[in-house]
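A closer look at the structure
Okay, here's what each chain looks like letter by letter:
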Amino acid sequence: MFKSHLHAALRFIKNNKIFVTINTLGLSIALAVSFLILVYVINEFSYNHCHKNRRQIYRVLNYYEQFGKNMGQTPYVLTSTIKNEIPQAEMVINTFRMRDFRIKLNDDFIQVKYALSTQSDVFNVFTIRVDDNAKSNGILDDPDAMVLSRDLADKLFPREDPVGKEVMCLVNGTEVLFNVKAVFDDLPENSSLRADCFINTNWGLNTTNTIFETTNPETDWSQDWWITWVMLTRTTDISQAGKLLDEIEKKASTQGIVHNYSLQNLSDVYLRSDNIGNGLPRGNLRNVRLFAGIALLIILVAVINYIVLSTAVSTGRAKEIGIRKIGGADNIIVRKQLMTESVLLTMLTLPIAFILMWSALPVAERLFQTSLHILSSNLFLYIASGIGIVLLSGIASGVYTSAYLSRININDILKNSIFTGKRRDHLRSVLIVIQLIIFCSFVSATLIIRSQYLYSLNFDPGYASENIILIELPDGFDGYQTYLNSIKSNINVVNASGSSTGIPTRNYGANLFHNYMDKDKRVSLEALSVDYDFIETMEIEIAQGRSFSREFGGDIHVNVILNEAAVKELSITDPIGKDLSGMNIIGVVKGFNIHPVNSPIPPFYMSLTDEHIHQAVIKFRPGSLTSLLPFLKTEWEKVAMDKPFNYITIENLIKDVYTSERNLNSIITLAAVFTLLIASIGLFGLTLFIARTRTKEIGIKKVFGSTEKAIVFSFIFTNIYLVTISALLSVPVTWFFMSKWLNNYVYKTEIKWWVFLISFIIAMAVVVTTASVHAIKASRTNPAESLRNS
């Protein structure tokens, strides 16, 4: 039976080449887009699936009241405490990322991006395959122990066995000799744990001692610099483990340190950490759902194409179905044949869809802001999901068509009544309207997102947003003042200073202070460390008091400047000269936003520092950047030697902050283009088939005096009506979703009426042009020929 259905399907494909070609084009585009999004979605959802014990592994989160959110950093002492206090903890480790860690390759020291200081149990908690000859138990116990990734080992010891060899490293500027104990297979891209090498846990302790001038981080509950990982037993009740964590919090509070710990499963670390501060890779669940929705809508447009065209060509299929029914075929047999045709036609698009997908990969990676690699661990998911999409598309395309055509009555075929049914035309119109609603909504959404993007770029942040260049200063760089003094002599440098971070920024530090009127109320103030002349360089307006000045001498580490929001939150009247937890308030600046426009102006304070400057901020004369850059680089090389000269203009920094909005705009634009392209292909075919069925009608009209214009208008009138209805229906749909999207922004644009008008005009232009192609051709047909051939 299946074989006969297959032969019939192949015969149909051979005899209906135009129908097959049009559907293949539309469906190929839809499947290519869907496959790209499928790879992205699977890669995102499969994060950390490479670790077999992921359901048992938990990260300890640490709630910071001053930030109003959880952080991924915890104290070192928490690891041993959990081991002793929580019996369900099978293994507990912590990891510390060594920021200033270099390894000697030939005659140079190269930066190791992910050098982790941790315990030997890291190989038992996470799924990390170590060389067969090495044992992971106790492998990092020796102070000089090092385990290299396969990639790093191949760089250091090409075609050699590195185990047992020594490597020279620079740890925080000091040369240290390490002994390679083993090599581990490179961790997959979809692992939250990233590592190029592992070293003994004491190196993390030594680093905190060096940087923060501490002596006992292994027992100090206030030193939150480690990520703590707990592997619980399979039968553990998580709520019970949480209660034991509460007891640990009480123990920490005896030292005057307030903690609020919680557990987050490894499976949630990547996609469910939006409001968690950490240095681990982080995805965006909202984007995953958005892109999956876009893929679904594009597939829906392609499926609608198939249904619309299938009903349009039903005229040519009626005789075939009638003959099969006379021969004894019942409705079920006919339905199965038509469904087989639909699925087979969908399968035929696969090669084209794959070619389009591979061609578009580089563009998709830029838009999704991630690598769309085909991971071997996800191969089964790719194949199963891909086949599932194809089969569902084929079945969805064929469900209505097979049900409709299989019910055709032989008497209706003889009476020709199936060709004139209004019900079929109404359904076709509804389906076309759905396609056009999707398109108009995409176009309107694109215009609204672009308006918000441009609004964000042009928003006045309250500081200089042009003619500023920021130069990144490496950790431990001691040539900052020398460099600043050397560049100030250039005539094109208007002013120069430094800060802990460039603005705008999404990152921040914060501290808690008591409200002046209510001592029981604590206020979180964000902190920005700056150098002299920062306020003048950034053209920030002083509302009260003064800026930091060398003339006063005692500003550093002692005096602070608040913004107006901080004064309000602290309930301070006449703030100048008031005390703020041992610091003296010397000034108040007017409201300027150190964050993007999706955040309100936060209460914050600026302090003067000479230690935590990570950005040199230089204001230059307009139009002088091209000639100034070589000078800045030359002076940099004099003081920084081998350190890279990394810079960015403030205009580009602002653009980078809104990269996600720009990419979202591009993605929705492409979705609109693909939707219109697929719908236009379908409309082109529909008009062609309708023109063929109306040949006799056109001939009669011309005999009775109808002009070509009147005939063309009769073709496109229905399409004009459908576009108008679609554009009107798309307005509330777009308004609802885009209003919710704009609510993510404190400072936002308004939804203007003209965005809907533009989407209407574009849809009308494309649809009328597409429909007119066959309408004009049909109107010019000789009436004698039309009547003879009909």
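Residues numbered from 1 in each chain as written. Predicted model: local features only at pLDDT ≥ 70, side-chain atom pairs only at ≥ 80, totals over all residues. Heavy atoms only, no water.

Describing the overall build of the chain
A tally of helices and strands in the chain yields 25 helices and 25 strands. When the 790 residues of the chain are sorted by exposure, 52% land in the buried category. Sequence separation of at least 24 residues holds for 79% of the intrachain contacts in the chain that already meet a minimum separation of 6. For the chain, the accessible area works out to roughly 37,400 Å², and carbon and sulfur atoms hold 56% of it. (Helix = DSSP H or I, 4+ residues; strand = E, 2+ residues; numbered from the N terminus. Buried < 20%, exposed > 50% of the residue type's maximum accessible area, 1.4 Å probe, protein only. Contact = heavy atoms within 4.5 Å. Areas by Shrake-Rupley, 256 points an atom, 1.4 Å probe, with all protein chains shown as cover.)

Examining the nonpolar core
Residues I294, F534, M538, F592 and M606 are the most contacted members of the largest nonpolar core, which totals 109 residues. Sorting elements by how many residues they give to this core places helix 15 (residues 422-458) first, with 15 residues. Once residues within four sequence positions are removed from consideration, M606 is found in contact with L528, V530, F534, I535, F548, N559, V560, I561, V589 and F592. In terms of nonpolar packing, the next biggest core, distinct from the first, is built from 26 residues, A145, V147, L193 and M231 among them. (Core = buried A, V, L, I, M, F, W, Y, C linked by side-chain atoms within 4.5 Å.)

Here's the deal with the side chain of N467
Its place among the elements puts N467 in the loop between helix 15 and strand 15 (468-472). For N467, a relative accessible area of 15% translates into the label buried. Ignoring sequence-local partners within four residues, the contact set of N467 consists of I618, K619, F620, P622 and E651.

As for the pattern of salt bridges
In total, this model carries 13 salt bridges according to the counting rule given. Here K165 ties to E160 by a salt bridge, and the two come within 3.8 Å at their closest N and O atoms. On the basis of relative accessibility, which here comes to 29%, the residue K165 falls in the partly exposed class. E160 gets classed as partly exposed once you look at its relative accessible area, which sits at 46%. One salt bridge in this structure joins D533 and K488, with 3.8 Å as the shortest N-O distance. Of this pair, D533 sits in the loop between strand 18 (522-530) and helix 17 (534-537) while K488 sits in the loop between helix 16 (480-487) and strand 16 (493-499); the two residues are 45 residues apart in sequence, bridging distant segments of the chain. (Salt bridge = Lys/Arg side-chain N within 4 Å of Asp/Glu carboxyl O.)

So, unusual backbone geometry
For residues other than glycine, phi is negative in most cases, and the peptide bonds are mostly trans. The linkage connecting I503 with the following residue, P504, adopts the cis geometry, with an omega of 5°. Relative to the assigned elements, P504 resides in the loop between strand 16 and strand 17 (509-514). Here the phi dihedral of S571 falls at roughly 60°; this positive angle occurs in a residue that is not glycine. Take S571: it is sitting in the loop between helix 18 (564-570) and strand 21 (579-580). Backbone geometry places S581, a non-glycine residue, at a positive phi of 50°. Mapping S581 onto the fold places it in the loop between strand 21 and strand 22 (583-589).

Focus: the pairing of strand 8 (residues 145-149)
Of all 5 residues that make up strand 8, 5 are buried, and the element is covered over most of its length. Because side chains alternate across strand 8, one face comprises the buried residues A145, V147 and S149, and the other comprises M146 and L148, equally buried. Inspection of the sheet shows strand 8 paired to strand 10 (residues 174-184) by 5 bridges, in the parallel sense. Residue L148 lies in a different strand from strand 10, and its bridge partner there is V183. In this sheet, strand 11 (residues 197-200) lies alongside strand 8 in antiparallel orientation, the contact comprising 3 bridges. Bridge pairing in strand 11 links M146 to I199. (Pairing = 2+ DSSP bridges.)

A short note on the pairing of strand 20 (residues 559-563)
Along any regular strand the residues' side chains alternate between the sheet's two faces. A large share of strand 20 lies buried, amounting to 5 of its 5 residues. Burial along strand 20 is two-sided: the residues N559, I561 and N563 and V560 and L562 are all buried. Direction of pairing for strand 20 relative to strand 22: parallel, over a ladder of 5 bridges. Each residue of the ladder has a partner; that of L562, found in strand 22, is V588. Sheet analysis places strand 20 next to strand 23 (residues 604-608), joined by 3 bridges and oriented antiparallel. Across the sheet, the residue bridging to I561 is M606, located in strand 23.

Considering the packing of aromatic side chains
For the coordinates displayed, the defined rule picks out 21 aromatic pairs. Ring plane angle 35° and centroid distance 4.9 Å describe the contact between F459 and Y747, whose orientation is recorded as tilted. Of this pair, F459 sits in the loop between helix 15 and strand 15 while Y747 sits in the loop between helix 23 (708-742) and helix 24 (754-779), and the two are 288 residues apart along the sequence. A relative accessible area of 22% means that F459 is categorised as partly exposed. On the basis of relative accessibility, which here comes to 22%, the residue Y747 falls in the partly exposed class. For the ring pair Y463 and F592, a centre distance of 6.0 Å and an interplane angle of 90° mean the geometry is edge-to-face. Of the two residues, Y463 sits in the loop between helix 15 and strand 15 while F592 sits in the loop between strand 22 and strand 23, which places them 129 residues apart along the sequence. Accessibility classification places Y463 together with F592 in one group, the buried group. Through pairs of rings, three or more aromatic residues link up here, namely Y483, W636, F645 and Y647. (Phe/Tyr/Trp six-rings, centres within 6.5 Å; stacked < 30°, edge-to-face > 60°.)

Comments concerning helix 16
By the burial criterion, the buried members of helix 16 are Y480, Y483, L484, S486 and I487. For helix 16, the arc enclosing every buried residue in end-on projection is 165°, short of the 170-degree limit, so these residues lie on one face. Buried residues along helix 16 sit against strand 15, strand 16, strand 24 (615-620) and helix 19 (625-640). (Arc of directions from axis to C-beta.)

Some points on the environment of V430
Mapped onto the elements of the fold, V430 is located in helix 15. Sequence separation between V430 and I304 is 126 residues, and the spatial gap between their C-alpha atoms is 10.0 Å.

Section: the side chain of T79
You can see T79 is positioned in helix 3 (residues 77-85). With near-sequence residues (within four places) excluded, T79 lies in contact with V92, I93, N94 and T228.

Overview of the state of the cysteines
All chains considered together, the criterion is met by 0 disulfides. Between C169, a free cysteine, and C197, which holds the nearest cysteine sulfur, the sulfur-to-sulfur gap is 6.8 Å. (Disulfide = S-S within 2.5 Å.)

Brief notes about a nonpolar patch on the surface
Among the surface-exposed residues, M347, F354, W358, I374, L379, I383, I387, L391, I395 and V399 lie close enough to one another that they form a single nonpolar patch of about 880 Å² accessible area. Elements that contribute at least two residues to the nonpolar patch include exactly helix 12 (350-368) and helix 13 (379-406). In terms of residue count, the dominant contributor to the nonpolar patch is helix 13 (6 residues). Looking at where F354 falls in the secondary structure, it is placed in helix 12. (Patch = residues over 30% accessible without salt bridge, like charges linked within 9 Å, V, L, I, M, F, W, Y side chains within 5 Å.)

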